[in-house]
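Structural overview for review
Here are the chains, one letter per residue:
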Amino acid sequence: MKKKKLLPYSWGDLNGYYDLLVTKALQETCNGNYLKSIQCIVSAGFLQYNLNRLYKDERLEKLLVDIGKSRYKLNDSIGIQKRYVFYDSFGWDNRGLTQQYLDALNCLPNSEYIFVFEKIDAERSKHIVQTLKNADVKIVELVGDVYSKMDTFYDLLNVYNPNGVFLHLEPWGVLPLIVLSAFPRITKYMINLTDHAFWLGSSLLDYSWEFRNYGCTVSLQKRNLRKEQLLLLPYYPIDSGFEEFKGFPISIEGKVVMFSGGSFYKIYGADNFYLSLVADLLNDNPNLIFIYAGAGDDSIFRLFMKRRGLADRVCLLGLRDDINEIFKRIDIYLGTYPYSGGLMSQYAALHEKPLLVFSSSGNIVEDEVCTKKYATFSFENKEDLLDEAHKLIDNVIYRNERGRFFASLIAGQGDFRKKFRELLEDNQSKCDYVLSTIDYDNYAERYLRAINEGYKGFSVEINILKAIGFSVFYQTPKMFFNLLPYFFEKVISFIKSKFFE
């Protein structure tokens, strides 16, 4: 359930916690406690990712280089041309942009690469692993503690001698950045998969692969990257062909199926606008059912629909890896709000499903869907969206026409492969971008509200607690007070497991 903070945080509180983590990371580095410093850097990165008041921190960037210098001998040699390493923090199927870039690399003539998993999840990575095996690509999994993983990666770079490294990282990922600081002649390509948020490594990269105007704007204005460092390459949704449909736990026979998906935090907040919109759609259309797939806390969604008497017409699937098969069986896609989801919108277009998108912050989804030709389709007025929904639900001919229209907007696999090859040849973008108008302060305020309203659970607090230990009790008393319900739940759970099960 939602864990609203007992004592709401101010920006002063959260900025103070962030500076505490950065200061501790600096101190631990000075004392030679690099493992503890790395833990604090990771924690600071995770916290800032959940705040987005900053998009780059020179202090953390310098620490990564300092730790690298302390552990690894500088290698100033020039790597073998068209030999690459692809480093992935997580490597999950249909999450991020791993599969798009691997497909493009596999089609690159006269080249080779090694794929590195920082950590592998056999179930979540099975399609990626199969693709790599089919292409006869060597897979390296880093194992052991932090030092062991970094040392393995360092040795691999020395022996393999690549010309370039592609980085597909969590925003708080640090291991490859520390190691790569010892290889100044290797070209470092960051795949900017979280272009809306803070991430580490902007000072170390040579080029940033961007997928939309929004990301280009943030990289120029907030990460201090130069125009010539940006390689704009809109992505496309992956249909691996490996998926098997896992079914729906609700009958869809004779019904119009509206689908939506993404992490649950994307639909919470904004005075429950999204949840109210779904309820209105269901109340106004008796033959409609609503299905949602995504990770995170679904209790708020369930409780809202139960109170509206709509629980039997709503189906929450959780995290699914058969996303293409789901889209083949639905009729309409509803975009998330207040945080949009570009990849899911792309899947809808790929499968010729009409999109219903509400936006109060410009045409962000258009930037991601319209990669072949541009059209405006987001709604700024709720009533207009509801009117369009009625037309789509009641008229199957119109619904199919709109589905084909959206499919005509999106570029495909062949377009991506071609542009990737061209960009990699001379590292110069062939596509002009248009700077977006971004209200950074308002965007950050959304994240502050999400934390205080409890949509992030206790993840922010637990992350800080792991880094600075129980000194949190006196260094951050408000945070400690807000953690009391978490500790209480843990105690109750322990007692139940010991004495009542």
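It should be noted that the structure appears before, not after, this text.
Summarised in this report is the structure supplied together with it.

Reading guide: rules and limits
Residues numbered from 1 in each chain as written. Predicted model: local features only at pLDDT ≥ 70, side-chain atom pairs only at ≥ 80, totals over all residues. Heavy atoms only, no water. Helix = DSSP H or I, 4+ residues; strand = E, 2+ residues; numbered from the N terminus. Rg over C-alpha atoms; globule rule 2.2 N^0.38 Å. Buried < 20%, exposed > 50% of the residue type's maximum accessible area, 1.4 Å probe, protein only. Contact = heavy atoms within 4.5 Å. Areas by Shrake-Rupley, 256 points an atom, 1.4 Å probe, with all protein chains shown as cover. 1 Å grid on protein atoms, 1.4 Å probe; cavity = no way out; pocket = protein on both sides within 12 Å on 5 of 7 lines; lining within 4 Å. Points joined across faces, edges and corners; volume = space filled by probe spheres on them. Nonpolar A, V, L, I, M, F, W, Y, C, P; charged D, E, K, R; others polar. Patch = residues over 30% accessible without salt bridge, like charges linked within 9 Å, V, L, I, M, F, W, Y side chains within 5 Å. Salt bridge = Lys/Arg side-chain N within 4 Å of Asp/Glu carboxyl O. Lys, Arg positive; Asp, Glu negative; His and termini not counted. Charge placed at Lys NZ, Arg CZ, Asp CG, Glu CD. Pairing = 2+ DSSP bridges. Axes fitted to C-alpha atoms, helices over the stretch in contact; angles between N-to-C directions.

The next subject is the overall build of the chain. On a plain count of helices and strands, the chain comes out with 20 helices and 12 strands. Taken over C-alpha atoms, the radius of gyration comes to 23 Å for the chain, in line with the 23 Å a tight globule of 501 residues would show. Referenced to the eigenvectors of the C-alpha coordinate spread, the extents of the chain come out at roughly 70 × 60 × 45 Å. By residue count, 56% of the 501 residues in the chain fall in the buried class. Long-range pairs, those at least 24 residues apart, make up 74% of the contacts in the chain with a sequence separation of at least 6. Accessible surface for the chain amounts to roughly 21,500 Å². Of this, 50% is attributable to carbon and sulfur atoms.

The next thing to look at is empty space enclosed by the protein. A water-sized probe rolled over the atoms picks out the places where empty space is left. In this structure the tally under the stated criterion is four cavities of 30 Å³ or more. The volume enclosed by the largest cavity comes to roughly 60 Å³. Split into classes, the residues belonging to the lining of the largest cavity amount to seven nonpolar, three polar and one charged.

A surface patch of like charges, here negative, comprises Asp284, Glu383, Asp384 and Asp387. If you tally residues by element for the negative patch, the top one is helix α14 (residues 382–394), at three residues. By the element assignment, Asp384 lies in helix α14.

Let's shift gears to the pattern of salt bridges. In this structure the tally under the stated criterion is 24 salt bridges. Here Lys24 makes a salt bridge to Glu28, at a shortest N to O gap of 3.1 Å. Of this pair, Lys24 and Glu28 both sit in helix α1 (residues 11–30), four residues apart, which is roughly one turn of the helix. Looking at Lys24, the relative accessible area reads 21%, which means it is partly exposed. Among the residues examined, Glu28 registers a relative accessible area of 11% and is labelled buried. Put simply, Glu123 and Lys126 hold a salt bridge, and the shortest N to O gap is 3.1 Å. By relative accessible area, which is 48% here, Glu123 ends up partly exposed. Among the ionic contacts, a cluster of salt bridges with common partners joins Asp19, Asp57 and Arg59.

Before going further, it helps to examine the sheet that holds strand β1 (residues 80–88). Each strand in a sheet pairs with another by means of backbone hydrogen bonds, the pair being arranged parallel or else antiparallel. An order of β3-β2-β1-β4-β5-β6-β7 is seen for the seven strands of this open sheet, with the pairing classed as parallel. The strands lining the two open edges of the sheet, one partner per strand, are β3 (138–141) and β7 (230–232). In this sheet, adjacent strand axes meet at a mean angle of 25 degrees when their direction is disregarded. Where strand β5 (residues 187–191) meets strand β6 (residues 207–210), three bridges bridge the pair, whose relative direction is parallel. The residue bridging Tyr189 from the neighbouring strand is Tyr207, located in β6.

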